[in-house]
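# Summary of structural features
Chain by chain, the residues:
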Amino acid sequence: MKPFSILALFGALSVSVPAVAQNRAPLVLAAASLQESMTAAADSWAKKGHTRPVISFAASSALARQVQAGGTADLFASADEEWMDVLQKDGLLADRTRSAFLGNRLVVIAPAGKGGQVTTRTLAKTLSAGPLAMADTDSVPAGKYGKAALEKLGAWSAVAPHVVRAENVRAALALVERGAAPYGIVYATDAKASPRVQVVGLFPAASHSPITYPLARLKASTNPQAEGFRRFLLSSEGKAIFRRYGFSTR
C-alpha cells in the first residue's frame, strides 16, 4: 500500500470511531410496568433524529442488583425509591440526575368478565379464596406495596398463604390473564395495558407508601446521548407520553 493510502485509511478510521461512539444507543434499565410507556418514549425520541435507546425491562430489584454487580447501563427507572436509594448509597448514580417523575395506583384485577367487585371490607375473604398473583413481596416494588396495603387493611394474614409470587408485576399480570389465578394485585397501568383483565378493586392511597418512579443516570454511563434522553423523559413532552398510559406525573 502506498504511503498516501495509509494516511487516508488512518484518517478515515479517526473519523469513524468517534462517530460510532456518538451513534451508540443508550441502554435504559426500566421497571417492568413501564413496558409500553417507555417504549413509546424511546420511539418518540428516535423520531427526533436520535439513536433509539435500547430498553431492558425487569423487576426494579433485579435491575438494581445488575447495576450493583457492575452491569453496564446508562439510565435506571425504578418503580420505587428504595432501590434507587440503594444505588445512591453505593455511589452508583451520577450527581444531581435523580428525579421522581411518575406515580401510579395499586389495584386488584380479575380475568375480564369474571370476579365481582372487591372492597376493603371483603378483601380478606375474597382474596384468600384461591391463588392470588403478586410480584415477589420481599423485593419487587409492586409486591412490597401490595403486602403493605394488605397489612394496613388487616388482610395479609388471611391472604399470605394463598399468594403466588411472580418475578415481576407483569408476570403476576400474566397469571391472571391466563386464568391461573382468579385475582391479582398490580399497578393500574398494568391493568390498563391488558384487555384480558379487569379492575375489580382499588387500594386506598393511604394504605401504602406513595408509588413513585425515580429516574437517574448511572455514574458509569459514557454514552453522550443518555443525558439528552433523560431530560426528554422529564420534559413536558415526555411526561405527556406516560400520562397517556395511565401514569401520573410530577
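Here is a short report on the structure shown in this document.

## As for the sheet that holds strand S11 (residues 248–249)
Judged by pairing direction, the sheet is mixed, and its six strands sit side by side in the order S2-S1-S3-S10-S4-S11 without closing on themselves. Across the chains shown, the open sheet's two edge strands, defined by having one partner strand only, are strand S2 (54–58) and S11. Note: strand S1 (residues 27–31) against strand S3 (residues 75–77), three bridges, orientation parallel. Residue pairing for S3: Leu29 is matched across the bridge by Phe76. Strands S3, strand S4 (99–103) and strand S10 (212–217) of the sheet are contacted by helix H4 (residues 81–89), whose axis makes an angle of about 25 degrees with S10.

## As for empty space enclosed by the protein
Taken as a whole and judged by the stated rule, the model has one cavity of 30 Å³ or more. Roughly 60 Å³ of volume is contained in the largest cavity. Forming the boundary of the largest cavity are 13 residues, of which Ala32, Ala79, Val140, Val169 and Tyr187 lie nearest the centre. Grouping the constituent residues of the lining of the largest cavity by class yields ten nonpolar, three polar and no charged.

## Overview of the pattern of salt bridges
Using the criterion set out here, one finds 13 salt bridges in the structure. In this structure, Arg98 engages Glu81 in a salt bridge whose closest nitrogen and oxygen atoms are separated by 2.6 Å. Remark: Glu81 occurs in helix H4 and Arg98 occurs in the loop between H4 and S4; sequence separation between them is 17 residues. Judged by its relative accessible area of 24%, Glu81 is partly exposed. Ionic pairing is found between Glu227 and Arg217, a salt bridge with its closest N-O pair at 2.8 Å. Of this pair, Glu227 sits in helix H10 (residues 226–234) while Arg217 is found in strand S10, placing the two residues ten residues apart along the sequence. By relative accessible area, which is 17% here, Glu227 ends up buried.

## Concerning helix H6 (residues 141–152)
Between the first and last C-alpha of H6 there are 16 Å, a value that for twelve residues agrees with the 16 Å anticipated at 1.5 Å per step. In the stretch just after H6, Gly154 is the one whose phi turns positive, near 75 degrees.

## Topic: the sheet that holds strand S9 (residues 197–202)
Pairing within the open sheet is mixed, and its five strands lie in the order S7-S6-S8-S5-S9. Two strands in the sheet have a free side with no partner beyond their single neighbour: strand S7 (163–166) and S9. Strand-to-strand twist of the sheet, defined as the mean angle between neighbouring strand axes without regard to direction, takes the value 35 degrees. With four bridges joining them, strand S5 (residues 106–111) and strand S8 (residues 183–187) adopt antiparallel strand pairing. When the bridges of S8 are listed, Val108 appears paired with Ile185. H6 rests against S5, strand S6 (132–135) and S8 of the sheet, and its axis sits at about 125 degrees to S6.

## Side note on the packing of helix H2 (residues 35–47) against H10
Contact pair H2 / H10: the axes reach a minimum separation of 11 Å and the direction vectors enclose 115 degrees. Crossing handedness for the pair H2 and H10: right-handed. Between H2 and H10, the residues in contact are Met38, Ala41, Ala42, Ser44 and Trp45 and Gly228, Phe229, Phe232 and Leu233, respectively. Here the contact of H2 with H10 is built from residues that sort into seven nonpolar, two polar and no charged.

## Some remarks on the pairing of S10
Extensive coverage of S10 is indicated by the burial of five of its six residues. When S3 meets S10, the two strands line up antiparallel, connected through three bridges. Across the sheet, Leu75 pairs through a bridge with Arg217, a residue of S10. Here S4 runs beside S10; their pairing, made up of four bridges, is antiparallel. Paired with Ala100 across the strands is Pro214, a residue of S10.

## Quick word on the nonpolar core
Where a protein is soluble and globular, its nonpolar side chains tend to be buried together. Residues Leu34, Leu150 and Tyr213 are the most contacted members of the largest nonpolar core, which totals 63 residues. Apart from residues lying up to four places away in sequence, Leu150 is in contact with Leu123, Leu127, Leu132, Met134, Ala155, Trp156, Val159, Ile185 and Phe203. Listed in part, the 13 residues of the second largest apolar core include Ala64, Trp83, Ala216 and Leu218.

Definitions and limits used
- Residues numbered from 1 in each chain as written.
- Predicted model: local features only at pLDDT ≥ 70, side-chain atom pairs only at ≥ 80, totals over all residues.
- Heavy atoms only, no water.
- Pairing = 2+ DSSP bridges.
- Helix = DSSP H or I, 4+ residues; strand = E, 2+ residues; numbered from the N terminus.
- Contact = heavy atoms within 4.5 Å.
- Axes fitted to C-alpha atoms, helices over the stretch in contact; angles between N-to-C directions.
- 1 Å grid on protein atoms, 1.4 Å probe; cavity = no way out; pocket = protein on both sides within 12 Å on 5 of 7 lines; lining within 4 Å.
- Points joined across faces, edges and corners; volume = space filled by probe spheres on them.
- Nonpolar A, V, L, I, M, F, W, Y, C, P; charged D, E, K, R; others polar.
- Salt bridge = Lys/Arg side-chain N within 4 Å of Asp/Glu carboxyl O.
- Buried < 20%, exposed > 50% of the residue type's maximum accessible area, 1.4 Å probe, protein only.
- Expected span 1.5 Å × (residues − 1).
- Left-handed = near helix turned anticlockwise from the far one by under 90°.
- Core = buried A, V, L, I, M, F, W, Y, C linked by side-chain atoms within 4.5 Å.

Everything listed is a geometric property; what it means functionally is a separate question.
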